[in-house]
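A closer look at the structure
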Amino acid sequence: MNVFRRKSVTQLQAEALTDTRLKRALGATNLTALGIGAIIGTGIFVLTGTVAAQNAGPAVILSFVLAGVASIFAALCYSEFASLVPMAGSAYTYGYATLGELFAWIIGWDLVLEYALGAVTVSIGWSGYVVSFLRDIGIHIPAQLSAARGTLITLADGTQVTTIFNLPAVIIIAIVTLLLVIGIRESATVNNVIVFVKVAVVLLFIVGAAHAVNPANWHPFIPPSTGTRGHFGWSGVMQGAGIVFFAYIGFDAVSTAAQEAKNPQRDMPISIIGSLLVCTVLYIAVSAVATGIVPYLQLDVPDPIAVAADHAGVGWMASLIKLGAIAGLSSVILVMLLGQARIFFTMADDGLLPKFVSRIHPKFRTPYITTIATGIVVACFAAVFTVREAGSLVSIGTLLAFVIVSIGVLVLRLREPELPRTFKTPAVWFVAPMGALSALALMISLPWLTWERLIYWFAFGIVIYFGYSVYNSKLGPRKIPGETAWSRALKIAGVIWIVFGSLGSILWLARYRTDYIPGPLGIVIGAAGFVLAWSLGALLNLVAQVSDHTHARHLMMETPGES
């Protein structure tokens, strides 16, 4: 069974021309607004403060610069693919065309994590600003229903309460999900209005609060390391870049809407690169002003920009900034959920997920089942997660997508150099490797716990692929000669054994060995577990293959006239 089978680019281009299930209603302005709508949000209104306070200090400016440079390399690669393969699916589709089905599944499963947790993260930040804004106008959300489960909140009288779940985050997910089901044109129109409001608010903050900047707050620009990796110093700047990288996934979300663009060959590169450049400049300016107004250690709050406005003595602006943040974060949630639904739609259309997932609403022409299911799952996680828990996982998922897309551009240039490309990545033999290496460097800088959760996610994904997707792919054989339910169960059991046995061995060697059996013996135990997992998994697969061949021969002997 060939897990590296590919879709040809010409086949994908033909599908893009003939597939009219999704409505092509978005122009360059709509697409650029989608990008800005997704990029300007949590990065400015939430992560600026937490990364400055916990990782980089005033050098959060450098974190945004590093993340922006890595994003620009990746954006150029995305632009070539988006104009070449104008289909929903983003990096998943690009991986299918260049590296094969297994890599496509890996990146699609990764994008599921990226967009779902992206919406989770932003909805949590949205909740913080809504609670603060409503408090300003005399409406108080019960503290027990205003943050991630288990969070301690200090009330005005000094008492502390433990939160149960985040009700405002659940409400905004429900509203946005309903809007996305109604239609892409309506969603884009709402997004355009929101983007105008939040860009105006960001510019107002930069101009109105700049007078209060105290250069003394920028010293030391890079606070000395505390000795803990990622806690200030250069490691803090790098880890901060890995975390705020989450803020740049907006242009990736633009590419998921390629199948709903009127002229994707021209408009996709414009919107991807344009939205990224505009937002990078705004990010750097906002982080410089915020850390220049407020000592960075005081910015570890859900609404750091509003806090900076208060310190700047422009109290009248604080409520306006909160309102702009609420509107801005709403558009990010919209684009994240839109991207998630399109990824599911495309994977189901290829047979890698159940067919009903790709069902289109007869009236609204939107993938309503994936949209509703995504909204329910995201709302559940938004009710109990914190911003940093979700944000770090989104960053590592995005970075992995960028690595694969950057490599995929080079592979396609080598494999099919004659393809007509309306947009070509400039200096591709420099830009693409730098895109992959810079994204990989930021991945390495992220905390081990983030890597561990990513490994768990991919372990489950691999089991689903070999247990379901590989048998139901449109490119695969519908029936393997001689295969029985028993032999298929053995193969799936072998995959599960290999995946989770390897996962246990890796976690033992990387994390738990030093706590329980340090030294050579612990290494030997981990290596032995790895070998045992692969050996037993291979044995189960071998038994299944022998069973298939034997059964196939018996069938041929019973029906000798058939080949």
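Residues numbered from 1 in each chain as written. Predicted model: local features only at pLDDT ≥ 70, side-chain atom pairs only at ≥ 80, totals over all residues. Heavy atoms only, no water.

**A few points about the overall build of the protein chain**
The helix and strand tally for the protein chain stands at 19 helices and 2 strands. Taken over C-alpha atoms, the radius of gyration comes to 25 Å for the protein chain, in line with the 24 Å a tight globule of 563 residues would show. Along the first, second and third principal axes, the C-alpha atoms of the protein chain reach 90 × 60 × 50 Å. Among the 563 residues that make up the protein chain, the fraction classed as buried is 58%. Of the roughly 22000 Å² of accessible surface on the protein chain, 72% is carried by carbon and sulfur atoms. (Helix = DSSP H or I, 4+ residues; strand = E, 2+ residues; numbered from the N terminus. Rg over C-alpha atoms; globule rule 2.2 N^0.38 Å. Buried < 20%, exposed > 50% of the residue type's maximum accessible area, 1.4 Å probe, protein only. Areas by Shrake-Rupley, 256 points an atom, 1.4 Å probe, with all protein chains shown as cover.)

**Description of unusual backbone geometry**
That bond from His219 to Pro220 is cis: its omega, -5°, falls within 30 degrees of zero. The residue Pro220 is located in the loop between helix 8 (184-209) and helix 9 (233-244) in this model. Even without being a glycine, Phe232 presents a positive backbone phi close to 70°. When you line up the elements, Phe232 lands in the loop between helix 8 and helix 9.

**Description of helix 5 (residues 91-98)**
Counting buried positions along helix 5 yields 8 of 8 residues, so the element is predominantly enclosed. For helix 5, the complete set of buried residues consists of Ala91, Tyr92, Thr93, Tyr94, Gly95, Tyr96, Ala97 and Thr98. Immediately beyond the C-terminal end of helix 5, within one or two residues, lies Gly100, with a positive phi of roughly 110°.

**Considerations on a nonpolar patch on the surface**
The grouping of Trp486, Trp497, Leu532, Leu536, Leu539, Leu542, Val543 and Val546 at the surface amounts to a nonpolar patch, some 760 Å² of accessible area in total. Secondary structure elements with two or more residues in the nonpolar patch: helix 18 (485-516) and helix 19 (520-558). A per-element tally of the nonpolar patch places helix 19 first, with 6 residues. Inspection of the secondary structure assignment puts Leu539 in helix 19. (Patch = residues over 30% accessible without salt bridge, like charges linked within 9 Å, V, L, I, M, F, W, Y side chains within 5 Å. Salt bridge = Lys/Arg side-chain N within 4 Å of Asp/Glu carboxyl O.)

**Quick word on helix 17 (residues 448-472)**
Note that an α-helix has 3.6 residues per turn; residues three or four places apart therefore point the same way. Helix length check: helix 17 (25 residues) gives 35 Å between terminal C-alpha atoms against 36 Å at 1.5 Å per residue, within 8%. The largest bend in helix 17 is about 45°, located at Tyr465. All buried positions along helix 17 are accounted for by Thr450, Glu452, Leu454, Phe458, Ala459, Gly461, Ile462, Val463, Tyr465, Ser469, Val470 and Tyr471. (Expected span 1.5 Å × (residues − 1). Bend = angle between axes of the 7 residues up to and from the residue.)

**Description of the nonpolar core**
If you look at the biggest cluster of nonpolar residues, it comprises 164 residues, and the most contacted ones within it are Phe45, Tyr78, Tyr129, Phe205 and Ile305. Element by element, the count of residues in this core is highest for helix 6 (residues 101-136), at 20 residues. With residues near it in sequence (within four places) discarded, Phe205 still touches Ala210, Val286, Val289, Ala290, Ile305, Ala308, Ala309, Met317 and Ile321. (Core = buried A, V, L, I, M, F, W, Y, C linked by side-chain atoms within 4.5 Å. Contact = heavy atoms within 4.5 Å.)

**Observations concerning the side chain of Asn217**
With respect to the secondary-structure elements, Asn217 resides in the loop between helix 8 and helix 9. A distance of 2.9 Å separates the side chain of Asn217 from the backbone oxygen of Gly292, its partner in a polar contact. Every residue in contact with Asn217, bar those within four places of it in the chain, is listed here: Pro58, Thr291, Gly292, Ile293, Val294 and Pro295. (Polar contact = N/O pair within 3.5 Å; in protein donor to acceptor, adjacent residues only side chain to side chain.)

**Topic: the environment of Thr48**
Mapped onto the elements of the fold, Thr48 is located in helix 3 (residues 42-56). You can call Thr48 buried: its relative accessible area is 1%. Residues Thr48 and Leu299 lie 251 residues apart in sequence; the distance between their C-alpha atoms is 8.1 Å. Residues within four places of Thr48 in sequence aside, it is in contact with Gly43, Val60, Phe64 and Ser287.

**What about the packing of aromatic side chains?**
Using the criterion set out here, one finds 15 aromatic pairs in the structure. Relative to Tyr283, the ring of Phe64 has its centre 4.9 Å away and its plane inclined at 10°; by these criteria the two rings are stacked. Separated by 219 residues along the polypeptide, Phe64 in helix 4 (residues 60-84) and Tyr283 in helix 11 (residues 264-293) bring together distant segments of the chain. Given the relative accessible area of 0%, Phe64 is considered buried. Overall, the relative accessible area of 0% leaves Tyr283 in the buried class. Relative to Tyr296, the ring of Phe232 lies with its centre 5.7 Å away and its plane at 65°, an arrangement referred to as edge-to-face. With Phe232 in the loop between helix 8 and helix 9 and Tyr296 in the loop between helix 11 and helix 12 (304-311), this residue pair connects regions lying 64 residues apart in the sequence. (Phe/Tyr/Trp six-rings, centres within 6.5 Å; stacked < 30°, edge-to-face > 60°.)

**Describing the packing of helix 6 against helix 17**
Two elements in contact, helix 6 and helix 17, have axes separated by 10 Å at closest approach and are oriented at 130°. Our classification of the angle between helix 6 and helix 17 gives oblique. Note on packing geometry: the crossing formed by helix 6 with helix 17 is right-handed. Residues Glu101, Leu102, Trp105, Ile106, Trp109, Asp110, Val112 and Leu113 of helix 6 lie in contact with helix 17, whose contacting residues are Leu454, Trp457, Phe458, Phe460, Gly461, Ile462, Ile464, Tyr465, Phe466, Ser469 and Val470. Broken down by class, the residue content of the contact of helix 6 with helix 17 amounts to 15 nonpolar, 2 polar and 2 charged. (Axes fitted to C-alpha atoms, helices over the stretch in contact; angles between N-to-C directions. Parallel < 35°, antiparallel > 145°, perpendicular 65-115°, else oblique. Left-handed = near helix turned anticlockwise from the far one by under 90°. Nonpolar A, V, L, I, M, F, W, Y, C, P; charged D, E, K, R; others polar.)

**Brief notes about the packing of helix 7 (residues 167-182) against helix 14 (residues 368-382)**
Axis separation between helix 7 and helix 14 bottoms out at 9 Å; the angle between their running directions is 170°. On the basis of the axis angle, helix 7 is roughly antiparallel to helix 14. When helix 7 is examined against helix 14, the residues Ala169, Val170, Ile173, Thr177, Leu180 and Val181 are found in contact with a partner set consisting of Tyr368, Thr371, Ile372, Gly375, Val378, Ala379 and Ala382.

**Remarks on the state of the cysteines**
Here, the word disulfide means a covalent bond between the sulfur atoms of two cysteines. Applying the stated rule across the entire model yields 0 disulfides. Unpaired in terms of disulfides, Cys77 finds its nearest cysteine sulfur in Cys279, a separation of 19 Å. (Disulfide = S-S within 2.5 Å.)

**Focus on the pattern of salt bridges**
Taken as a whole and judged by the stated rule, the model has 9 salt bridges. Where Arg5 meets Glu101, a salt bridge forms, and the shortest distance between an N and an O atom there is 2.9 Å. Of this pair, Arg5 sits in the segment before helix 1 (9-18) while Glu101 sits in helix 6, and the two are 96 residues apart along the sequence. We note that Arg5, like Glu101, is buried. Across the salt bridge formed by Lys491 and Glu483, the nearest N and O atoms sit 2.9 Å from each other. Classification of Lys491 as buried rests on a relative accessible area of 8%. On the basis of relative accessible area, Glu483 is assigned to the buried category, the value being 5%.

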